[in-house]
Amino acid sequence: MNKADSKGLGESLGKLGYEQTEVAEEADVIVLNSCVVRQSAEERVINKLNSLKSLKRKRPHLLIVLTGCMVDGNQDGLKARFPHVDLFLRPQAWAPLLGSAKAGVPGGQSSIPPAPAISTLVNIIQGCDNFCSYCIVPYRRGREQSRPMDEVVCEVQSLVQRGAREVTLLGQNVNSYGHDLPTKADLADLLQELNQVDGLARIRFLTNHPKDLSPKLIRAIARWDKVCEHISLPVQAGSDEMLNAMRRGYTVELYRALVDRIRSQIPEVALSTDIIVGFPAETEGQFQQTLELLGDIQFDTIHVAAYSERPGTIAARLLKDDVPLHEKRRRLKEVEKLQRSIAAEINSRLLGHNVEVLVEGEKKGKWYGRTMTGKLVFFPNGADCLGRLVPIQIERTSPWSLQGSLDNQ
Ligand code: SF4
């Protein structure tokens with residue numbers, strides 16, 4: 001979500017005539033788009049902010065902006081802590097920055113629209129209404145707000161005209177898309193519309209909430225050829241007590257039934273999930289239930305995080321963060337170890353197979369891209385393949401990626 005926001009803000013600044021630089025010392029404007037989903041993320045933002053103090057002293061005209069989830073309604077504390085920051089903006093509330101930037105830009109408006117990446121991100125719904133007990137997002141990004149469907153379709157058409165071949169539709173809870181629109185169009189309807197966009201090769205979307213993934217959406221994924229057979233479906237824990245304490249709104253049994261339904265209709269589907277270990281009061285037995293679930297379901301990828309208390313959330317107010325850090329780390333490593341072996345096994349089944357890859361770029365003399373199911377594939381640099389769908393024969397596999405060569409048959 002932050003990447004998509006940064007891209008959008010970068011494009012808006014680009015339209016005002018600004019160019020991007022990777023060198024902080026050259027910049028007239030520095031925007032930090034902050035994430036506070038975990039304490040470690042917040043600490044990185046704080047370190048970065050502190051490191052900009054000397055730059056601001058040397059170049060007082062430099063505009064330093066903090067945006068993203070670290071900025072809430074009351075900014076007095078932030079202003080006192082970071083007096084060298086010029087603007088504090090809530091997520092996507094960028095009007096004051098664009099006003100300041102417009103006044104400061106030497107060259108005026110640029111008429112050249114920048115080329116997007118082959119695979120690019122498109123926000124379709126902001127905010128979240130769910131209030132999972134550990135999560136800060138609804139407090140910082142607000143309630144769900146969907147973008148009108150014709151606006152999203154127009155944006156995707158424009159991205160394709162500028163070179164994109166794949167879009168990833170984003171939302172904290174992408175399955176809720178449309179419930180607040182007058183038309184009540186939903187994500188399945190949007191996928192159907194986008195499937196008709198000429199030149200677009202693939203459509204992805206994340207993140208799904210298990211309680212909201214409808215049978216209609218499963219049918220749409222199965223039916224529309226550009227919609228990728230890759231579903232991110234965060235489960236978070238394998239015990240009903242933990243799911244209840246997390247306020248996730250489903251049970252392990254319901255989650256398993258949902259996975260069965262998805263797999264019966266989309267046999268080739270790749271599933272990814274998110275796991276939190278060391279949630280308050282999580283016992284060893286409850287943690288073992290998470291491992292059992294992972295072993296049974298066999299996800300293609302998982303993102304695992306140790307619970308970290310976020311001030312202001314329901315869990316921070318009501319529950320004691322009582323699993324010791326060393327224990328959280330052990331559980332995290334156990335999940336990673338198990339998943340490594342599962343992913344190695346799943347990926348090894350592709351050995352010798354031919355897969356279709358959308359080529360996204362070049363790294364260290366190799367092309368890279370992804371399969372419909374989201375597997376990262378590298379193959380030797382030969383003909384110009386950027387943005388093309390190419391057949392690749394898989395020759396080596398690992399838990400994280402696949403290696404192959406162009407199949408010219
Ligand atoms: S669904 Fe839950 S975890 Fe996801 S953004 Fe909303 S509150 Fe946070």
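The structure displayed is predicted, hence computed values, not measured ones.

Enquirer: Honestly, the overall build of the chain in this entry has me stumped. Any pointers?
Expert: Per the secondary structure count, the chain includes 14 helices and 16 strands. In terms of C-alpha radius of gyration, the chain reaches 22 Å, essentially the compact-globule figure of 22 Å for 409 residues. Relative to its full complement of 409 residues, the chain shows a buried share of 49%. For the chain, long-range pairs separated by at least 24 residues make up 71% of all intrachain contacts whose partners lie at least 6 apart in sequence. Surface summary for the chain: the accessible area is close to 19700 Å², and the carbon and sulfur share equals 51%.

Enquirer: What should I look at first to understand the site of the ligand in this one?
Expert: In the region of the ligand, the neighbouring residues are Cys-128, Asn-130, Phe-131, Cys-132, Tyr-134, Cys-135, Val-137, Pro-138, Gln-172, His-209 and Arg-248. Of the residues contributing to the shell around the ligand, the split by class is seven nonpolar, three polar and one charged.

Enquirer: Just to check I follow, could you spell out unusual backbone geometry for this structure?
Expert: Outside of glycine, negative phi angles account for most residues, and trans bonds account for most peptide bonds. Look at the link from Leu-206 to Thr-207: it is a cis peptide, with omega at 5°. Mapped onto the elements, Thr-207 comes out in the loop between β8 (202-206) and α9 (215-223). Positive phi, close to 60°, is recorded for Arg-247, a residue that is not glycine. Mapped onto the elements of the fold, Arg-247 is located in the loop between α10 (240-245) and α11 (252-265).

Enquirer: What should I look at first to understand the sheet that holds strand β2 (residues 63-68) in this one?
Expert: One open sheet accounts for three strands, arranged β1-β2-β3; its pairing is parallel. The open sheet terminates on both sides in strands that have one partner only, identified here as β1 (29-34) and β3 (87-88). This element, helix α2 (residues 39-51), spans β1 and β2 of the sheet and lies at about 165° to β1.

Enquirer: Teacher, can you tell me more about the pattern of salt bridges here?
Expert: Should their charged atoms come close, side chains of opposite charge can pair. As enumerated under the stated definition, the model contains 20 salt bridges in all. With a shortest N-O distance of 2.6 Å, Asp-300 and Lys-375 are connected by a salt bridge. Placement of the pair is Asp-300 in the loop between α12 (284-297) and β11 (301-306) and Lys-375 in the loop between β13 (366-370) and β14 (376-380), with a sequence separation of 75 residues. Residue classification places Asp-300 among the buried positions, given a relative accessible area of 10%.

Enquirer: Would you mind going over helix α8 (residues 187-194) with me for this structure?
Expert: Think of an α-helix as 3.6 residues a turn; residues three or four steps apart then line up on the same face. Of all the positions in α8, only Leu-187, Ala-188, Leu-190, Leu-191 and Leu-194 are classed as buried. The buried residues of α8 occupy one face: seen down the axis, they fall within an arc of 160°. Where α8 begins, one side-chain oxygen reaches toward the backbone nitrogen of Ala-188, 3.2 Å away; that side chain belongs to Asp-186.

Enquirer: Mind showing me how you'd approach the environment of Leu-78 here?
Expert: Along the polypeptide, Leu-78 turns up in helix α4 (residues 76-81). Residue Leu-78 is classed as buried on the basis of its relative accessible area, which comes to 10%. Distance from Leu-78 to Leu-66, taken between C-alpha atoms, is 9.6 Å for residues twelve residues apart in sequence. Leave out the neighbours within four places in its chain, and Leu-78 touches Leu-66, Met-70, Val-71 and Phe-88.

Enquirer: What am I meant to see in the side chain of Arg-140 here?
Expert: Mapped onto the elements of the fold, Arg-140 is located in helix α6 (residues 137-141). Discounting residues that sit within four places of it in the chain, Arg-140 has contacts with Val-36, Cys-69, Met-70, Val-71, Asp-72, Arg-90 and Pro-91.

Enquirer: Looking at this structure, how should I read the environment of Leu-159?
Expert: By secondary structure assignment, the location of Leu-159 is in helix α7 (residues 149-161). Sequence separation between Leu-159 and Leu-121 is 38 residues, and the spatial gap between their C-alpha atoms is 9.8 Å. The contacts of Leu-159, once residues within four sequence positions are left out, are Lys-7, Pro-116, Thr-120, Val-122, Ala-164 and Val-167.

Enquirer: So what exactly am I meant to see when it comes to the packing of α9 against α11 here?
Expert: Think of two packed helices as two axes; the pair is described by the angle between the axes and how far apart they sit. Their axes nearest at 9 Å, the elements α9 and α11 cross at an angle of 30°. The angle between α9 and α11 falls in the class roughly parallel. Viewed along their axes, α9 and α11 form a crossing whose handedness is right-handed. Where α9 abuts α11, its residues Pro-215, Ile-218, Arg-219 and Ala-222 lie against Leu-258, Arg-261, Ile-262 and Gln-265. When its residues are assigned to classes, the contact of α9 with α11 shows five nonpolar, one polar and two charged.

The rules behind each value
- Residues numbered from 1 in each chain as written.
- Predicted model: local features only at pLDDT ≥ 70, side-chain atom pairs only at ≥ 80, totals over all residues.
- Heavy atoms only, no water.
- Helix = DSSP H or I, 4+ residues; strand = E, 2+ residues; numbered from the N terminus.
- Rg over C-alpha atoms; globule rule 2.2 N^0.38 Å.
- Buried < 20%, exposed > 50% of the residue type's maximum accessible area, 1.4 Å probe, protein only.
- Contact = heavy atoms within 4.5 Å.
- Areas by Shrake-Rupley, 256 points an atom, 1.4 Å probe, with all protein chains shown as cover.
- Near = heavy atom within 4 Å.
- Nonpolar A, V, L, I, M, F, W, Y, C, P; charged D, E, K, R; others polar.
- Pairing = 2+ DSSP bridges.
- Axes fitted to C-alpha atoms, helices over the stretch in contact; angles between N-to-C directions.
- Salt bridge = Lys/Arg side-chain N within 4 Å of Asp/Glu carboxyl O.
- Arc of directions from axis to C-beta.
- Polar contact = N/O pair within 3.5 Å; in protein donor to acceptor, adjacent residues only side chain to side chain.
- Parallel < 35°, antiparallel > 145°, perpendicular 65-115°, else oblique.
- Left-handed = near helix turned anticlockwise from the far one by under 90°.

By themselves, these observations are geometric and do not establish any function.
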